[in-house]
Amino acid sequence: MSRLSLSKSSLTKQTQQLKRFERFLPALDLKRKQLMMERAKALRERSHTTAAIAALRQEVRQNLPMIANREMELNTLVRVRAVRLDEENLMGTRLPVLLGVDIERQEYGYMTKPHWVDTLVETLVRMLELRVLLALRERRVSVLEEAVRKMTQRVNLFEKVLIPQAQANIKKIRIHLSDAERAAVVRSKIAKNKRRREGLA
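Residues numbered from 1 in each chain as written. Predicted model: local features only at pLDDT ≥ 70, side-chain atom pairs only at ≥ 80, totals over all residues. Heavy atoms only, no water.

Caption draft 1: Quick peek at a positive patch on the surface. Together, Lys 189, Lys 192, Lys 194, Arg 195, Arg 196 and Arg 197 line one region of the surface with positive charge. Take Arg 197: it is sitting in helix α2 (residues 117–200). (Patch = residues over 30% accessible without salt bridge, like charges linked within 9 Å, V, L, I, M, F, W, Y side chains within 5 Å. Areas by Shrake-Rupley, 256 points an atom, 1.4 Å probe, with all protein chains shown as cover. Salt bridge = Lys/Arg side-chain N within 4 Å of Asp/Glu carboxyl O. Lys, Arg positive; Asp, Glu negative; His and termini not counted. Charge placed at Lys NZ, Arg CZ, Asp CG, Glu CD. Helix = DSSP H or I, 4+ residues; strand = E, 2+ residues; numbered from the N terminus.)

Caption draft 2: Representation of the packing of aromatic side chains within the structure. Applying the stated rule across the entire model yields 2 aromatic pairs. Ring geometry for Phe 21 versus Phe 158: centroids 5.5 Å apart, planes at 85°, classification edge-to-face. Pair noted here: Phe 21 is in helix α1 (residues 8–63) and Phe 158 is in helix α2, with a separation of 137 residues, a long-range link. Relative accessible area serves as the criterion here: at 12%, Phe 21 is assigned to the buried category. A residue is classified by how much of its surface remains accessible, and Phe 158, at 12% relative accessible area, is buried. Ring geometry for Phe 24 and Phe 158: centres 6.1 Å apart, planes at 80°, overall edge-to-face. Within this pair, whereas Phe 24 is found in helix α1, its partner Phe 158 is found in helix α2, the two being separated by 134 residues in sequence. Accessibility expressed as a relative area gives 44% for Phe 24, which makes it partly exposed. Members of the aromatic cluster, each reached through a chain of ring pairs, are Phe 21, Phe 24 and Phe 158. (Phe/Tyr/Trp six-rings, centres within 6.5 Å; stacked < 30°, edge-to-face > 60°. Buried < 20%, exposed > 50% of the residue type's maximum accessible area, 1.4 Å probe, protein only.)

Shown next as structure tokens:
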């Protein structure tokens, strides 16, 4: 770090810098608060998705207890073929957005499978969509948490380091300039008195 110059030009520079920092800080703090609100919203959405998955599991336990029968092959009935994603830019933070989930349903003979398989297929489709949605919402939460962390660091840098340092520098320069001005006045008086005494002698 360069040594602080104790001059009037340095005082002007430090004062301008302080004003700039004080102008930036509210904008950074507002951005941090907005990111925190978005993170809270993302946490709620993730919680709703987790609850929806738990509710669907409970529904399956109640309405389709027959899937516990291990003799029937059910794993290949549905699978995710593609997940379509996009991105949104939220205050400089790039967040994933789910456009859709393409699910492939396995063809099966209506006579070879029990009647409840249709209900199971629809339930599995919903479960796969919810799992993809949960993964996306977890990703959004982690991206937003990182953005909030970085923005908090910036706010703290301005609030706890840059602004106090600029204020301390301004105070130090003002004290030095004031002392220098007083010293100049004292020297001037001493010189004036000395000239007067020499004029009398």
